[in-house]
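# Reading the structure
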Amino acid sequence: MDWFKQSVDAAASSLGTDLKNGLSSETAQQRLDEHGKNELKQGKKRNVFQMYLEQFKDVMVIVLIVAALISGVLLKEWVDAAIILFVVLLNALLGVIQENRAEKSLEALKKMSSPHAKVRRNGSIVVIPAADMVVGDVVLLEAGDYVSADMRLSIAANLKVNESALTGESEAVEKQMDVIDAPDGVDIPLGDRHNLVFSGSLITYGRGEGIVTETGMNTQIGAIAGMLNAEEGVQTPLQRRMADLGKKLAIVCIAVCALVFLVGVLYGINPVDMLMTAISLAVAAIPEGLLAIVTIVLAIGVQQMIDQNAIVRRLPAVETLGSATVICSDKTGTLTMNRMTVVATSQPFVVDSDISKQLSVNFARALMLCNDGQPTINEQGESTFTGDPTETALLSFATEMGYDKTKLEEQLPREDELPFDSDVKRMTTIHKENGNHITYTKGGLDEVLVLCTRIMEDGNMRPITDDDRERIQNASTDMASSALRVLSFAMGTVDKLAPSGERSSYESDLIFIGMVGMIDPPRPTARTAVEQCKRAGIKPVMITGDHKITASAIATELGILGKGDRVITGLELERMDDDRLREEVRNIAVYARVSPEHKVRIVKAWQSYGDVVAMTGDGVNDAPALKRADIGVAMGISGTEVSKEASAMILTDDNFATIVSAVSQGRTIYSNILKAIQFLLSSNLGEILVIFIATLFNWGTPLLPIHILWVNLITDTLPALALGMEPAEPDVMDAPPRDPKSPIFTKPLIFRVCYQGIMISLLTLFAFMFGRKVSPDVGHTMAFAVLSLSQLVHSFNLRSNTHSAFSRHKMNKWMFPAFFSGIALQVCVFFIPFLSSLFRVATLTAPQWLLVLGLSVAPLLIVELFKKLGWTGESRYKQD
């Protein structure tokens, strides 16, 4: 029901309650039994075992498990099978450790609810657990209370509520009791329902009473919890690409098996023996170390991003940011400071944005004395202020100008006050100075100016004229047009204190002093970050619960709102169906006064085009969209626990600019993963061709299964990991995002994998045929040596696909340790008797070793020649 349209009496009648006495204990218990406790329902949670099992749904993992079973059961190669299974289990363990440990969003939402509440029961005020509140309870509210259920206000005395966690507005909202008139069918945004308070919000000022209208999952915060429960996360681009790669590798394995089996049978070889050979070849075709390498490279990227103030909670999210095409960002606290700040003054006519200029004494006194904010020391031992955000902004401003609130209060102690009243929109304080009574008044311009008969200009007081009033109004309009919140100040004197609550004695014949303009300002680094996003081909979009004029001003200042871009409100968005929104979404840069449901719709509209959407935010209202987005980015300092638990990444400095470095890191990581994939697949293709060609021409077996597994899991793994540590290219942020629909296997990548795989296979076969003349053992020993050593050398080629391995702008400090570690491992295999026997390798002569070394260095020279001639696939195909 639209409770904001109901009068207090009508709401009480509908809810069956008495405003004075509240509910009876019997009625409350009956409703509690009927509707349940005022709690959020727990979603179905995965345990660690279930999370571990989910790691085995990946196609690549399934292919590896099949390969292990074939190796052990059919080929009786139990050592090979054990090694493959170890890699699979290790990869799953790494995934569980790094991925989201548990869905804690609902628990975090529960923590926001107040544990106890004051309610009227049986005509008395009692304190009950918040979980026992029921619809119809009359609840007492005062400053500092968390609201534990949605309520229709029945009393509102100077009541202000911070609803930023729900609406995104940083400024506390003034509440009142009056009915809000709205045409049937027209919804009013949460932030404009001034006669309602919502579960999860905080009372910052005044007092009030409210009738509980909704509890538990029926509250606004409960609706968000339900959305979180229902909203499934989406696969990241990397997960989609790796799944695609796994399917293609599985098809290749089956095709290779079938082809080799057919060729062998045509040669007249025993079908059973040929089946074993074909299966061995299929096992060789699978890059067993690929999954572990991708996981480890991502994990290393996670550690690097922590140093850049970004904590990644889900491993594939590291790469996803590199694919981002759209960043939907909340305004408050993300693009802005989440702190009201004075940015302009008028003393009294000219608007001055140079706030470093000295304040007049009377103006400074008005800012600090007509103010309920108080100085305090925070947990870090820093001086700060507590109170209403507007009042703390005034105190901070006057303090920066050299004034001290504590000293001023000692000099001019407060004797009386007229608290802020939402009806008259002003407050007044009365102070004693040398036996006299001085008043200071603060409020909206129209409400203060009408009380003034004089004006203070350049330290001189004179009667105010109509021309003065016009100039003051113009100054106010100038500030308001820049989306500033304008407050005006006046002072006066009285002979004696007035009876309590009498306003006319204190608020008449006042002297106008000046005005201030305030705003929640943009972060200093935000504009540069937005520019970098645009240069990188990423569309920044502002989504906020704030007003349209404020959102537009901030977006224009930051460069988000450009030529041809639109600004729309939540009401306008509500009138659009999903198809219309999809048509319009690319032209909309700013959304104002929106609700959580709107944010999810916006994310889905972008995703319908195949865009990779990053959503940043810090409030409860952002959580469903954070979960729905390809990557949700929460704020670590100002962010609610709900948003953090729903996100994939947390910014520890709450800085929008950190996203830019995260995007750069994500692009670099994906590029490095492609280098590792190219290296492993070209190496594996070489192995496949070696066995396939030898089988095709009936030359015997160049490589034993243990040789292939050793190269795939040990020798290749170290260089592949080193390639995953390559430093970023200098122009990594000057290119548009990758097409999220593009597969890993682009035409240039296929070209490079093919020619490099053929190169390795021919070099290995040459060594095999040369050694085979001496003996089969020498033949497969030389083939094993050339295959392993040539791939170690080949890893240097993959540092860049277009530039020489020796001309990189930055040296990769991990390449040489990986290379020499691989060499050392191969030396152990060839020269330690136990390992030589295990790997069934023969002793080679010096000339044979010289040939092995010459063939092993050849890939570096061949690929360098291809790069020099431009035969890299880049000039032939433009997709990579």
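Preceding this paragraph is the structure being described.
The rules we used
- Residues numbered from 1 in each chain as written.
- Predicted model: local features only at pLDDT ≥ 70, side-chain atom pairs only at ≥ 80, totals over all residues.
- Heavy atoms only, no water.
- Buried < 20%, exposed > 50% of the residue type's maximum accessible area, 1.4 Å probe, protein only.
- Helix = DSSP H or I, 4+ residues; strand = E, 2+ residues; numbered from the N terminus.
- Pairing = 2+ DSSP bridges.
- Patch = residues over 30% accessible without salt bridge, like charges linked within 9 Å, V, L, I, M, F, W, Y side chains within 5 Å.
- Areas by Shrake-Rupley, 256 points an atom, 1.4 Å probe, with all protein chains shown as cover.
- Salt bridge = Lys/Arg side-chain N within 4 Å of Asp/Glu carboxyl O.
- Axes fitted to C-alpha atoms, helices over the stretch in contact; angles between N-to-C directions.
- Contact = heavy atoms within 4.5 Å.
- Core = buried A, V, L, I, M, F, W, Y, C linked by side-chain atoms within 4.5 Å.
- Left-handed = near helix turned anticlockwise from the far one by under 90°.
- Nonpolar A, V, L, I, M, F, W, Y, C, P; charged D, E, K, R; others polar.

### A look at the pairing of strand S16 (residues 436–443)
For S16, a buried count of 7 out of 8 residues is recorded, marking the element as mostly surrounded by other parts of the structure. Inspection of the sheet shows strand S15 (residues 426–433) paired to S16 by 8 bridges, in the antiparallel sense. Its bridge partner being in S16, Ile430 is matched across the sheet by Thr439. Counted along the chain from S15 to the antiparallel partner S16, the turn is 2 residues long, and its residue Asn434 has a positive phi close to 50°.

### Brief notes about a nonpolar patch on the surface
A cluster of nonpolar side chains, Leu69, Val73, Leu74 and Trp78, forms an exposed patch at the surface whose accessible area comes to about 430 Å². The element contributing the most residues to the nonpolar patch is helix H4 (residues 59–74), with 3 residues. Here Leu69 shows up in helix H4.

### Here we look at the sheet that holds strand S24 (residues 613–617)
Ordered by their spatial adjacency, 8 strands build an open sheet running S8-S26-S25-S24-S9-S21-S23-S22, and the pairing between neighbours is mixed. Here the strands that pair on one side only, and so sit at the sheet edges, are strand S8 (310–312) and strand S22 (566–569). Strand-to-strand twist across the sheet, computed as the mean angle between neighbouring axes with direction ignored, equals 20°. In this structure, strand S21 (residues 539–543) lies alongside strand S23 (residues 588–592), joined through 2 bridges in parallel fashion. Across the sheet, residue Ile543 finds its bridge partner in S23, namely Tyr591. Packed on one face of the sheet, helix H20 (residues 548–558) meets S21, S22 and S23 and runs near 140° to S23.

### Examining the nonpolar core
By size, the foremost hydrophobic cluster in this structure holds 131 residues, and its most contacted members are Leu245, Ile472, Met649 and Phe784. Residue contacts for Phe784: discarding those within four places in its chain leaves Leu703, His707, Trp710, Val711, Gln826, Val829, Phe830, Phe839 and Val841. Counting residues in hydrophobic clusters, the runner-up holds 32 residues, among them Met368, Leu369, Leu394 and Tyr403.

### Considerations on the side chain of Thr764
Topologically, Thr764 is positioned in helix H29 (residues 747–772). Taking relative accessible area as the criterion, Thr764 reaches 0% and is therefore assigned buried. Sequence-distant contacts of Thr764, that is, excluding residues within four places in its chain, are made with Val690, Ala783, Val786 and Leu787.

### Some points on the packing of helix H30 (residues 776–794) against helix H33 (residues 846–869)
Contact geometry for H30 and H33: axes closest at 8 Å, N-to-C directions at 35°. Considering how the two elements wind past one another, H30 and H33 form a crossing that is right-handed. Contact residues: Val778, Met782, Ala785, Val786, Leu789, Ser790, Val793 and His794 in H30; Gln848, Trp849, Leu851, Val852, Leu853, Leu855, Ser856, Val857, Pro859, Leu860 and Val863 in H33. Here the contact of H30 with H33 is built from residues that sort into 15 nonpolar, 4 polar and no charged.

### Considering the pattern of salt bridges
For the structure on display, the rule yields 29 salt bridges. Glu417 is the salt-bridge partner of Arg414, the closest N and O atoms lying 3.5 Å from each other. On the accessibility criterion, Arg414 (29% relative accessible area) is partly exposed. Among the ionic contacts, a cluster of salt bridges with common partners joins Asp372, Arg414 and Glu417.

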